[in-house]
Amino acid sequence: MIARGLIWVCRAWQKGPSQVLPPSCRYQPSCSAYAITALSRYGALRGSWLAMKRIGRCHPWGGHGHDPVP
């Protein structure tokens, strides 16, 4: 139930602010798509942890390229 709410937040981000802001994703899939997959696959606790780790890696000195959910 909590995971569904978090997925809803991610989808709202994809449909709202993400459409207005310039594209700046360093990874494929995007962080919001990664979060949705992680939450669907692992649930609220572990999925949130994986999504936060991914967002934490998304900075100018971080990596880039293909980074699938484990």
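All values derive from a computational prediction rather than experimental measurement. (Residues numbered from 1 in each chain as written. Predicted model: local features only at pLDDT ≥ 70, side-chain atom pairs only at ≥ 80, totals over all residues. Heavy atoms only, no water.)

1. What about the overall build of the chain?
Cut-off, in case you're wondering: Numbered from the N terminus, helices here are DSSP runs of H or I no shorter than four residues, and strands are runs of E no shorter than two. A radius of gyration in this sense is built from C-alpha atoms; the matching globule rule multiplies 2.2 Å by the number of residues raised to 0.38. Think of it in three bands: with a 1.4 Å probe and only protein chains considered, a residue is buried below 20% of the maximum accessible area for its type, exposed above 50%, and partly exposed in between. Contacts between residues were defined by any pair of non-hydrogen atoms, one from each residue, lying within 4.5 Å. For accessible areas, the Shrake-Rupley method is used with a probe of radius 1.4 Å. Any residue's cover is judged against the shown protein chains and nothing else.
For the chain, the count of helices and strands is three helices and two strands. When the helices and strands of the chain are placed in sequence order, the string is α-α-β-α-β. The C-alpha radius of gyration of the chain comes to 12 Å, within 12% of the 11 Å expected for a compact globule of 70 residues. Taken over the C-alpha atoms alone, the chain extends approximately 35 × 25 × 15 Å along its principal axes. Evaluated residue by residue, the chain yields a buried proportion of 26% over its 70 residues. Considering only contacts in the chain between residues 6 or more positions apart, those separated by 24 or more positions represent 70%. When the accessible surface of the chain is totalled, it reaches about 5,100 Å², and 66% of it is carbon and sulfur.

2. Some remarks on the side chain of serine 32
Heads up, the rule is: Within 3.5 Å is the distance limit for a polar contact, defined as a pair of N or O atoms, with the added protein rule that one can donate a hydrogen and the other accept it, and that residues adjacent in sequence qualify only through two side-chain atoms.
Mapped onto the elements of the fold, serine 32 is located in helix 3 (residues 31–57). Taking relative accessible area as the criterion, serine 32 reaches 12% and is therefore assigned buried. Of the polar contacts made by the side chain of serine 32, one reaches the side chain of glutamine 14; its length is 3.1 Å.

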